[in-house]
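Secondary and tertiary structure notes
Below, each chain spelled out in residue letters.
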Amino acid sequence: MLVPWRGDWNPRSKSPGQEEERHVRANDRDYNERFSYADNHIKTAKYNVFTFLPINLFEQFQRFANAYFLVLLILQLIPEISSLSWFTTIVPLVLVLAITAVKDATDDYFRHKSDQQVNTRQSQVLIKGKLQNEKWMNVRVGDIIKLENNQFVAADLLLLSSSEPYGLCYIETAELDGETNLKVRQALTVTSDLGDDVAKLADFNGEVICEPPNNKLDKFTGTLFWKDNKYPLDNEKMLLRGCVLRNTEWCFGLVIFAGLQTKLMQNCGRTKFKRTSIDKLMNTLVLWIFGFLICMGIILAIGNTIWEQKVGSNFWEYLQWKELTISAVFSGFLTFWSYVIILNTVVPISLYVSVEVLRLGHSYFINWDRRMYYSRKATPAEARTTTLNEELGQVEFIFSDKTGTLTQNIMVFNKCSINGKTYGTLKTPCVDFSFNPLMDRKFRFHDSSLVEAIKLEEPLVQEFFRLLALCHTIMPEERNEGELVYQAQSPDEGALVTAARNFGFVFRSRTPETITLYEMGQAVTYQLLAILDFNNVRKRMSVIVRNPKGQLKLYSKGADTILFDRLDPSNEELMFTTSEHLNEFAGEGLRTLALAYKDLDEDVFDEWMKKLLFASTALENREEKLGALYEEIEQGMMLLGATAIEDKLQEGVPETIACLTLANIKIWVLTGDKLETAMNIGYSCNMLRDDMNEVFIISGHTMVEMALNVRFVCCYLKAHALEADLEQILVDVACLCKTVICCRVTPLQKALVVELIKRHKRAVTLAIGDGANDVSMIKTAHIGVGISGQEGMQAVLASDYSFAQFRYLQRLLLVHGRWSYHRMCNFLCYFFYKNFAFTLVHFWYGFLCGFSAQTVYDQWFITLFNIVYTSLPVLAMGLFDQVSLYSLRYPNLYRPGQLNQLFNKRKFFTCTLQGVCTSFILFFIPYGAFMSAVRDDGAHISDQQAFAVTIATSLVIVVSAQIGLDTNYWTAVNHFFIWGSLAVYFAILFAMHSDGIFTIFPNQFPFIGTARNSLNQKIVWLVILLTTVVCIMPMVAVRFIKADLYPTHTDKGPQEQNFRRVRRTSSRRSAYAFAHQQGYGELITSGKNMKIPTASTSTYPLSSPARGNSVVKNSVVSGTTDAAETNSTGFRRESDQNQEVTVEDLEAR
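All residue numbers here refer to positions counted from 1 along the written sequence of the relevant chain. The model is predicted, so local features are restricted to residues of pLDDT at least 70 and side-chain atom pairs to those at 80 or more, both for listing and for counting; the totals for chains, interfaces and linings are taken over all residues. Excluded from the side-chain calculations are hydrogens and water; all other atoms, namely the structure's heavy atoms, are used.

In the nomenclature of an unreviewed UniProt entry, the protein chain corresponds to Phospholipid-transporting ATPase from the organism Cyprinus carpio. Note on the protein chain: under the UniProt heading Cofactor (unreviewed entry), the record states "Mg(2+)". In its Sequence similarities (unreviewed entry) section, the UniProt record describing the protein chain reads: "Belongs to the cation transport ATPase (P-type) (TC 3.A.3) family. Type IV subfamily." UniProt positions are given in the numbering used here, feature names are shortened, and annotations may be inferred rather than shown by experiment.

Here's what the structure looks like:
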C-alpha cells in the first residue's frame, strides 16, 4: 500500500503566550534582548553537580516500588510493629538507588560532553565593528556571523552576502533531510552588495519581521525592512543550523533563530521516556501484589484479634498480667503492620536490581556482536539505552525511511537497450575503459560488446551516449586536469552522464550558451539553444542544440509511458521491442528511462522560437502556454532506446525484509519521494511482488472509496487522510495490506503515522532512519533505530539502537530481541514463583503461632535469600539462556513475543499459584513430619530453629531444582552459579551457627550448633527429599503433558522458511523521472550561477535559487561568455540580427 500525503496538516496548536511573530534587528543586541529570545546554548543534560542528588532521588522515588520500600523501612524503625531488623530493607534499597544513580550519572555525563562539544565550537561574530571568534553558545539573535567553506551553520541565518556571484551559496543538508546533494541559497540583491566589507556589514541595521520558531524545514516567511524599503524573505534565503557550507569561500548571515528555537532542534521533538510493555505490566502487577499483601495482612490481623479474645487471655497468668495491656482490636492493628513488614518480600526490591543487571548485560551482548560490526567503516552496533531490550522481541510494525536506510543513495548504470538490442544482460568480465583517459575509475560495466559498438562508430550507439552527455542539468567541476567531478541534481542524472563519460562521450564543461563534450578524445562544442525543463506533469526533459555541422537537434529523455506517445509512427516495431526490454529491466527492479531525438527544421524552429518568446512574457497562464509549446515541438521523435539504472540497495535488504515478513512483522516505508520512486524501491526490496494482486491507485476521501478489501492496495490520499474521522478507516485498510509505502511524507507526518498505529493498534512499533528528518519518527516509536551512514548523525543521536547497515535489523530483532524477551519472561516467572514460595511460608506459620508476626526463618536468611542464595542462578538464566539457536533460519519462532505469550497476567497468576502451592508444601510436610519425629538418640527434634533450618534448606534446594528445569541452554556459568549457590548457602548456614561467630557477635547469632545438630539427622534429609520431590514432580508432569497436548512453536519444531526472491515480471514499469520538483534550466541558461571566467577554469552551481534541490559547481574551459538573451523559461534564443521581436522589446511593451 503506497500512501502519498500532501498538504501541511499539523495538529499542534499555539499555546498561550507563544510569540506570534519575531522581530530581529541586525547588530543591536540591546533591542533583541528585550524579547528574551533563546540564546544559542544547547542543553540536553538533565542534571548538574548540585541538582543531581535531589532530582535523581526524586525521580527514583516516583517509581512505586522504591517509595513502597522506603515506607517499609520507616515502619521497621518502629519497635512495636517490627519483628525484622531495619538492615533487611535498607541494604537492598540503598543498593538499588546507588546502581540506578550511577547509571543515570554516567548517561548524563556523556550528554554533558556532547553538549560541551557543540557549544564550544568556534564561530566568527561581528561585534562592535570587528570579527571576533566566539563560542557557539555565546551567539545571540541579531548577530552577524561569517561562515567559511566546510563549516557547520551555527544557527538559523538569513543569508546576507557570499563570495559567489549574485549572493549565491551552496549548502549540504544531510543533517536535516539525509540528502547529500548540494542545494543553493541566494541572498537579496540589496544585501549581497554588502559583500565582505566589515564596515558596511557593521552599519547594516535592517529589521526582520518573520514567523515564530517552528519545525517546518522547507518553509520560511518574513520581511526585511531596510532604508525605508520592504523585501520579502523565503526559505531560499535561509541557512539552517545543521547545514554545512560547501563550495563557497565565505558568506555572512544574520541570526534569526538560535539554540533550541532553531528549526533543527524544533524538528527533533521532545525526548520521550520510553518504557517497555513488560515494565507497564509489572507496575500493574506490583499494585496487585501490594493489594494481595494488604489482604493477607488483614486476614492475619483479624486472626490475631480473634485469637487474643479467645485464646490470649489464657496466658495472662503466665505473663503475670492482671488485665490485657492493649485491646484485641489494637493488637490486630499492630499485627497488620507487622505482617506487612514480614511479607514485604513478596515484592522484592532485588527484582528491580536484577532486571537492570539483565538489561545491561543484554545491551553489552548487542555491542559485542561481531556479526553486527561493519568493518568497512569500523562501526559496531550500539545499544544506546538499556531499558528496551526485551521490547525488541515483540515488534509488530517497522517504519523505515528509504534513502540511506534501505538504499545507499548510489545509482549504477546497469543495462541499456539501443536500437532494439540490449546491453549488460550478458555478464562478461569488467569492461576495460583504459582507452579513455577521462574515464571514471569507479565505473563498472560487464558487457564488452557495447564498447566494441562504440569503437565501430555505430551511429545510433554514439547518438545514444551523445544524448546522455547533452540532455541534463549537471554541472562539472574539474579540480585538476582530467579530474572531473559531477555534481548532479539527482543521482540518476549523475549515473547516466558518468556512463556516457566512460563510453567516450565526456561532458567536460558548460556555459549558459554552450556545452562542450569530448567525443572519443575530440573536443566538440554544441550551442545550447533551449532547455525544455522537467516537471512532475511532463515527466521528461529535452534540450535543443546546434552541433558543429549546423544541424538542429532535439534530445529528450523521460518516462517511457510519456515518450512513446510522442514518437513518429515509423518507430512502432522498435517501440514494441524496446517495451519488452523495459519489462525485463523493470522485472529486476531497475529504474528505467526512454531516450529519443528529433532533427529540427531551421524555419520551423525559428517560428517556434518566436511563439516561445511571446509565451514567456505572457502575464496570464504562462506555464500552460509554455507547456503547450514544449508539447508541440516534442512530437514525431525517433526512439533511440532505454536505460536501466539500479538504485543500489544496501547489502542484504531484500533478504532482511523477506525474513522479517516471515516473522509476521509488518514493514511500512515512509519516504518523501514520489510515487514512482517508492514503488520502484518496493519491488527492488522484495516488498512488492507479483504474487500479490495488481497495484491499485485509489484517490478518494470517503469511507466507501477507502474501505476496499484488496490484498494489495496502493492508496493515493490527501493530507486530511490523517483527520480524526478517517483515521480508523486508514488504519483498517492499511492493516489489511501486506505492504504499505507512504510517499511524499514530511518529517512530522512520519511521526503522525507512527503515532496512529501506536494509538489504534496498541502494537510495539520500531522506526529506523538515518537523517534528521527521521528524528521525530524515531522518538515517537516504541523503539528508535539509527543508521550510522553518510547522511549525518542526528538520527543516531536520537535513537535507542544504532548500527551501520539495515540488514543488521533482523539479527537485532530475531536474535537479540527474541532472546532478551524469552530471558526476561523466564526470569520474571521464576522470580515471582520463588518469592511467593519463600514469603508465604510466614502466612501459613501465622495460623500456628497465634498470629504473633513471628518469622519462620531467621533474619539473616531473609536478608540473604534474594541477594546471595538465589540471585546468581537466576541472573545466569536471564543472561545466557537460549531457546533456539536457529532464530534467523526459522523466523516464525518470533511469533510468541508478538502475541505476548510468555509473560502476561495469566502467566503471572500461574507462577504465583505455583509459588503458593510450593510454600504450602514447604511448610506443612516438615510440620507434619516433625509432629512425631525424633532424633537418632530418641530426643524430640521439633524445636523452632531446627524446623526453620529444614524449611530453609528445602526451599533453597527446591528453587535450585526449579531453575534447572527452567533453563533451556546449559553453560558452565549456569552450573557454577547453581551448584555454587548451594555451596554458599551451606557454608553460610554452618558459619552463622558456629561457635566462632557466636563468640564474636553473641547478640546477632545466638543459635549455636543448630545447623549441624539438625542436618546430621537422617529424618531431616528424608523430609527435605520428600518436600523437594512433591514440589518438583507435579510441575514436571504438567510440563510433559502440556508439551504433548498444547505444544508451543518451539515444541512443534520450526518449519523451514523459504526466502526465495520472487522475480518481478509485471508489465508495470517504473516511469521514473529526474527529480521531485521543477528542473533548473532557468538558472543554467541565465548564467547567474556562473562566475565570469578569469582563468582556464571557473566554477558554476546548478540549482535555481528559487528552488531547494541539488546544487553543484562547474568548470569551463572556454574563456568568455556572450551576452546571451535569456528568460525564465530556460531557453536561449540564437543571436539573430534580423529577429524582429526581442525579449527587451517585449518587456518594454
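Moving on, there is more to tell.
Let's shift gears to the overall build of the protein chain. Runs of E in the DSSP output that reach at least two residues are strands. Runs of H or I that reach at least four are helices, and both are numbered from the N terminus. Counting its secondary structure elements, the protein chain contains 39 helices and 33 strands. Only protein chains enter the accessibility calculation, which uses a 1.4 Å probe. A residue is then buried if its area is under 20% of the maximum for its type, exposed if over 50%, and partly exposed in between. The buried share of the protein chain, taken over its 1149 residues, is 58%. Contact definition: two residues touch when any of their heavy atoms are within 4.5 Å. Taking all contacts inside the protein chain whose residues are at least 6 apart in sequence as the whole, residues at least 24 apart take part in 74%. In short, Shrake-Rupley with a 1.4 Å probe defines the accessible areas, and a residue's cover is counted only from the protein chains shown. Summing over all exposed atoms, the protein chain offers an accessible surface of approximately 48600 Å²; the carbon and sulfur share of this is 55%.

Strand order in the open sheet made by the four strands is S1-S8-S9-S10, with antiparallel pairing throughout. Two strands lie at the open edges of the sheet, namely strand S1 (22-25) and strand S10 (229-233), each paired on one side alone. Going from strand to strand, the sheet's axes swing by 20° on average, the running direction of each strand aside. A strand pair is defined by DSSP finding two or more bridges across the two strands. Pairing analysis gives five bridges linking strand S9 (residues 222-226) to S10, with the strands arranged antiparallel. Within S10, the residue paired with Trp226 across the bridge is Asn229. Here an angle of 0 to 180 degrees is reported between the N-to-C directions of two axes, which are lines fitted to C-alpha atoms, with helices fitted over the stretch in contact.

Attention shifts here to empty space enclosed by the protein. Think of a 1 Å grid over the protein atoms and nothing else: a 1.4 Å probe that fits but is trapped marks a cavity, an open set flanked by protein within 12 Å on at least five of seven lines marks a pocket, and residues with an atom within 4 Å of a point count as lining. Grid points are joined across faces, edges and corners, and a volume is the space filled by probe spheres set on the points. Taken as a whole and judged by the stated rule, the model has five cavities of 30 Å³ or more. Of the pockets and cavities examined, the second largest cavity occupies roughly 90 Å³. Of all the secondary-structure elements, those providing two or more residues to the lining of the second largest cavity are helix H28 (859-869), helix H32 (944-966) and helix H33 (972-992). At four residues, H32 tops the list of elements feeding residues into the lining of the second largest cavity. Of the residues assigned to the lining of the second largest cavity, the class counts are nine nonpolar, two polar and one charged. Under the scheme applied here, ten amino acids are nonpolar (Ala, Val, Leu, Ile, Met, Phe, Trp, Tyr, Cys and Pro), four are charged (Asp, Glu, Lys and Arg), and all others, including Gly, are polar.

With their axes 8 Å apart at the nearest point, helix H29 (residues 871-880) and H33 run at an angle of 165° to one another. In terms of their interaxial angle, H29 and H33 are classed as roughly antiparallel. Handedness of the H29/H33 crossing: left-handed. Taken together, the residues of H33 that come into contact with H29 (itself represented by Leu872, Pro873, Ala876, Met877 and Phe880) are Val973, Asn974, Phe977, Ile978 and Ser981. Angles below 35 degrees are treated as roughly parallel, those above 145 as roughly antiparallel, those between 65 and 115 as roughly perpendicular, and all remaining angles as oblique. By convention the crossing between two helices is left-handed if the near helix lies anticlockwise of the far one by an angle smaller than a right angle, and right-handed if it lies clockwise.

Attention shifts here to the packing of aromatic side chains. To describe a pair of aromatic rings, you give the distance between the ring centres and the angle between the ring planes. Geometry of aromatic contacts follows a simple scheme: Phe, Tyr and Trp rings, the Trp one being its six-membered ring, pair when their centres are within 6.5 Å, and the pair is stacked under 30 degrees between planes, edge-to-face over 60, tilted otherwise. According to the stated counting rule, one finds 57 aromatic pairs in the structure shown. Where Phe220 meets Phe257, the ring centres are 6.4 Å apart and the plane angle is 75°; that geometry is what we call edge-to-face. Of this pair, Phe220 sits in the loop between strand S8 (207-210) and S9 while Phe257 is found in strand S13 (residues 250-257), placing the two residues 37 residues apart along the sequence. Consider the rings of Phe923 and Phe947, whose centres lie 5.6 Å apart with planes at 80°: the pair is edge-to-face. Separated by 24 residues along the polypeptide, Phe923 in helix H31 (residues 905-930) and Phe947 in helix H32 bring together distant segments of the chain. Taking relative accessible area as the criterion, Phe947 reaches 9% and is therefore assigned buried. The rings of Phe843, Trp844, Tyr845, Phe847, Phe851, Phe920, Phe923, Phe924, Tyr927, Phe930 and Phe947 are connected pair by pair, giving a single aromatic cluster. Charge over a ring is defined by NZ of Lys or CZ of Arg lying within 6 Å of the ring centre and within 35 degrees of the ring normal. Looking at Lys834, its charged tip hangs above the ring of Phe831, at a distance of 4.2 Å from the centre.

A few words on the sheet that holds strand S22 (residues 522-532). Taking strand neighbours across the sheet as the criterion, the nine strands line up as S17-S16-S26-S25-S24-S23-S22-S21-S20 in an open arrangement whose pairing is antiparallel. Edge strands, defined here as strands with exactly one partner in the open sheet, are strand S17 (421-423) and strand S20 (505-510). Strand-to-strand twist in this sheet, taken as the mean axis angle between neighbours without regard to direction, amounts to 30°. Alignment of strand S25 (residues 591-600) against strand S26 (residues 638-649), held across seven bridges, turns out to be antiparallel. Within S26, the position partnered with Leu593 by the bridge is Thr643. Those strands touched by helix H13 (residues 448-455) are strand S16 (407-418), S17 and S20, and its axis lies near 115° from that of S17. On the sheet, helix H14 (residues 459-470) packs against S16, S17, S20, strand S21 (514-519), S22, strand S23 (540-546), strand S24 (552-558), S25 and S26 and is oriented at approximately 60° with respect to S26.

Right, let's talk about the nonpolar core for a bit. One finds Leu351, Phe827, Leu828, Tyr857, Phe861, Phe903 and Leu955 to be the most contacted residues of the largest nonpolar core, which totals 100 residues. Discounting residues that sit within four places of it in the chain, Phe861 has contacts with Phe838, Tyr869, Ala952, Leu955, Val956 and Tyr985. Nonpolar cores are built from buried Ala, Val, Leu, Ile, Met, Phe, Trp, Tyr and Cys residues. Side-chain atoms within 4.5 Å join them into one set. In terms of nonpolar packing, the next biggest core, distinct from the first, is built from 54 residues, Leu450, Ile454, Phe505 and Val543 among them.

This part is about unusual backbone geometry. At Lys128, a position not held by glycine, the phi torsion is positive, near 55°. Mapped onto the elements of the fold, Lys128 is located in the loop between strand S2 (122-127) and strand S3 (130-135). Given the relative accessible area of 81%, Lys128 is considered exposed. Phi angles above zero are rare outside glycine, and Lys227 is one such case at about 55°. In this structure, Lys227 sits in the loop between S9 and S10. Look at Lys227 and you get exposed, because its relative accessible area is 60%.

Moving on: the side chain of Asn214. Within the fold, Asn214 resides in the loop between S8 and S9. When its relative accessible area of 16% is taken as the criterion, Asn214 is described as buried. Among the polar contacts listed, one links the side chain of Asn214 to the side chain of Glu211, at a separation of 3.0 Å. Between N or O atoms, a polar contact is any pair within 3.5 Å; within protein, one atom must be a potential hydrogen donor and the other a potential acceptor, and residues adjacent in sequence are included only when both atoms are from side chains. Only 3.0 Å separates the side chain of Asn214 from the backbone nitrogen of Lys216, close enough to count as a polar contact. Contacts of Asn214, omitting those with residues within four sequence positions, involve Lys263 and Gln266.

All right, on to the pairing of strand S32 (residues 783-787) then. Residues in a regular strand point their side chains to alternate faces of the sheet. S32 sits mainly inside the fold: five of its five residues count as buried. Side chains Ile783, Val785 and Ile787 of S32 all project onto a buried face; the interleaved residues Gly784 and Gly786 project onto the opposite face, where all are buried too. One ladder, built from four bridges, connects strand S31 (residues 764-769) with S32; its direction is parallel. Following the sheet pairing, Gly769 is matched in S32 by Gly786. Crossover handedness for the path S31 to helix H25 (residues 775-780) to S32: right-handed. Crossovers are described as right-handed under a simple rule: with the strands pointing away from the observer, the path leading from the first strand over the helix to the second runs clockwise.

Each salt bridge in this description consists of a side-chain nitrogen of Lys or Arg and a carboxyl oxygen of Asp or Glu lying within 4 Å of one another. Overall, the coordinates contain 27 salt bridges when judged by the stated rule. Note that Lys553 is salt-bridged to Glu463, the shortest N-O span being 3.5 Å. Taken together, the positions of Lys553 in strand S24 and Glu463 in helix H14 put the pair 90 residues apart, joining distant regions of the chain. Here Lys553 and Glu463 have matching classes, each one buried. Between Asp599 and Lys553 there is a salt bridge, and its shortest N-O distance comes to 2.7 Å.

Their axes nearest at 12 Å, the elements helix H27 (residues 808-846) and H28 cross at an angle of 175°. By the angle between their directions, the pair H27 and H28 is classed as roughly antiparallel. Two secondary-structure elements touch here, H27 through Phe831, Lys834, Asn835, Phe838 and His842 and H28 through Phe861, Ile862, Phe865 and Asn866. Broken down by class, the residue content of the contact of H27 with H28 amounts to five nonpolar, three polar and one charged.

A cluster of nonpolar side chains, contributed by Leu965, Leu1022, Leu1025, Val1029, Met1033 and Val1036, occupies part of the molecular surface with about 520 Å² of accessible area. It is helix H36 (residues 1018-1045) that contributes the most residues to the nonpolar patch, five residues altogether. Along the chain, Leu1025 turns up in helix H36. Like-charged residues are merged into a patch within 9 Å and nonpolar side chains (Val, Leu, Ile, Met, Phe, Trp, Tyr) within 5 Å, provided each residue has over 30% relative accessible area and no salt bridge.

With that settled, the discussion passes to the pairing of S23. S23 sits mainly inside the fold: seven of its seven residues count as buried. Judged by which residues are buried, S23 turns out to be covered on both faces: Arg540, Ser542, Ile544 and Arg546 on one side and Met541, Val543 and Val545 on the other are all buried. Pairing between S22 and S23: five bridges, direction antiparallel. Following the sheet pairing, Ala530 is matched in S23 by Ile544. The pairing of S23 with S24 spans seven bridges and is classified as antiparallel. Bridge pairing links Val543 to Tyr555 in S24. Here S23 folds back onto S24 in antiparallel fashion, the turn holding five residues, of which Gly550 has a positive phi close to 90°.

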